[in-house]
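As a plain string of letters, each chain reads:
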Amino acid sequence: MELAERILDLVAAVPPGRVTTYGDIAALAGTPAPRLVGRVLAELSDDDTPWHRVLRANGTPAAHLIEEQCARLRAEGVTVTAGRVNLRQYRWRG
């Protein structure tokens, strides 16, 4: 559970208006498994966890979350163009 808590703490640290990737969070948490980050967010995050700030490595949200995730990011001032966020502009690396 320690790794899951570390992942959730890192996601919580991503400031509004910034994004990160599953791989970035995995690396910061000390695991080589970006998919584990997605699993932790899906299974263990609560309403206060800013899950919407975590994207795929290509700057896109998960397909089943695209509408809600993009709406939340836009509300924070993140520009989403054609379903993609410019990681060079908005990426947070911890």
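Residues numbered from 1 in each chain as written. Predicted model: local features only at pLDDT ≥ 70, side-chain atom pairs only at ≥ 80, totals over all residues. Heavy atoms only, no water.

A few words now on helix α4 (residues 66-75). Each turn of an α-helix holds 3.6 residues, which means side chains three or four residues apart point in the same direction. By the burial criterion, the buried members of α4 are Q69, C70 and L73. The arc that holds every buried residue of α4, seen down its axis, measures 95°, which confines them to one face. In this structure, α4 carries E67 and A75 as exposed residues pointing more than 90 degrees from its buried face. Where α4 is buried, its residues meet β2 (54-55), β3 (80-81) and β4 (84-85). (Buried < 20%, exposed > 50% of the residue type's maximum accessible area, 1.4 Å probe, protein only. Helix = DSSP H or I, 4+ residues; strand = E, 2+ residues; numbered from the N terminus. Arc of directions from axis to C-beta. Contact = heavy atoms within 4.5 Å.)

Another point: the packing of helix α1 (residues 2-13) against helix α3 (residues 34-44). Across the interface, α1 lies against α3 with an axial gap of 10 Å and an inter-helix angle of 85°. Looking at the two axes, α1 sits roughly perpendicular to α3. Between α1 and α3, the contacting residues are L3, A4, I7, L8 and V11 on the first element and L36, V37, V40, L41 and L44 on the second. Class assignment of the residues belonging to the contact of α1 with α3 gives a composition of 10 nonpolar, no polar and no charged. (Axes fitted to C-alpha atoms, helices over the stretch in contact; angles between N-to-C directions. Parallel < 35°, antiparallel > 145°, perpendicular 65-115°, else oblique. Nonpolar A, V, L, I, M, F, W, Y, C, P; charged D, E, K, R; others polar.)

Before going further, it helps to spend a moment on the side chain of H52. Topologically, H52 is positioned in the loop between α3 and β2. The contacts of H52, once residues within four sequence positions are left out, are Q69, R72, L73 and E76.

By size, the foremost hydrophobic cluster in this structure holds 16 residues, and its most contacted members are I7, I25, V37 and L41. Every element with two or more residues in this core is listed here: α1, α2 (22-29) and α3. Examining the composition of this core, we find that five residues originate from one element, α1, more than from any other. Once residues within four sequence positions are removed from consideration, I25 is found in contact with I7, L10, V11, T20, V37 and W92. Listed in part, the nine residues of the second largest apolar core include C70, L73, V78 and V85. (Core = buried A, V, L, I, M, F, W, Y, C linked by side-chain atoms within 4.5 Å.)

This brings us to the environment of R74. With respect to the helices and strands, R74 occurs in helix α4. A residue is classified by how much of its surface remains accessible, and R74, at 48% relative accessible area, is partly exposed. Put simply, R74 and G17 are 57 residues apart on the chain and 8.4 Å apart in space, counted from C-alpha to C-alpha.

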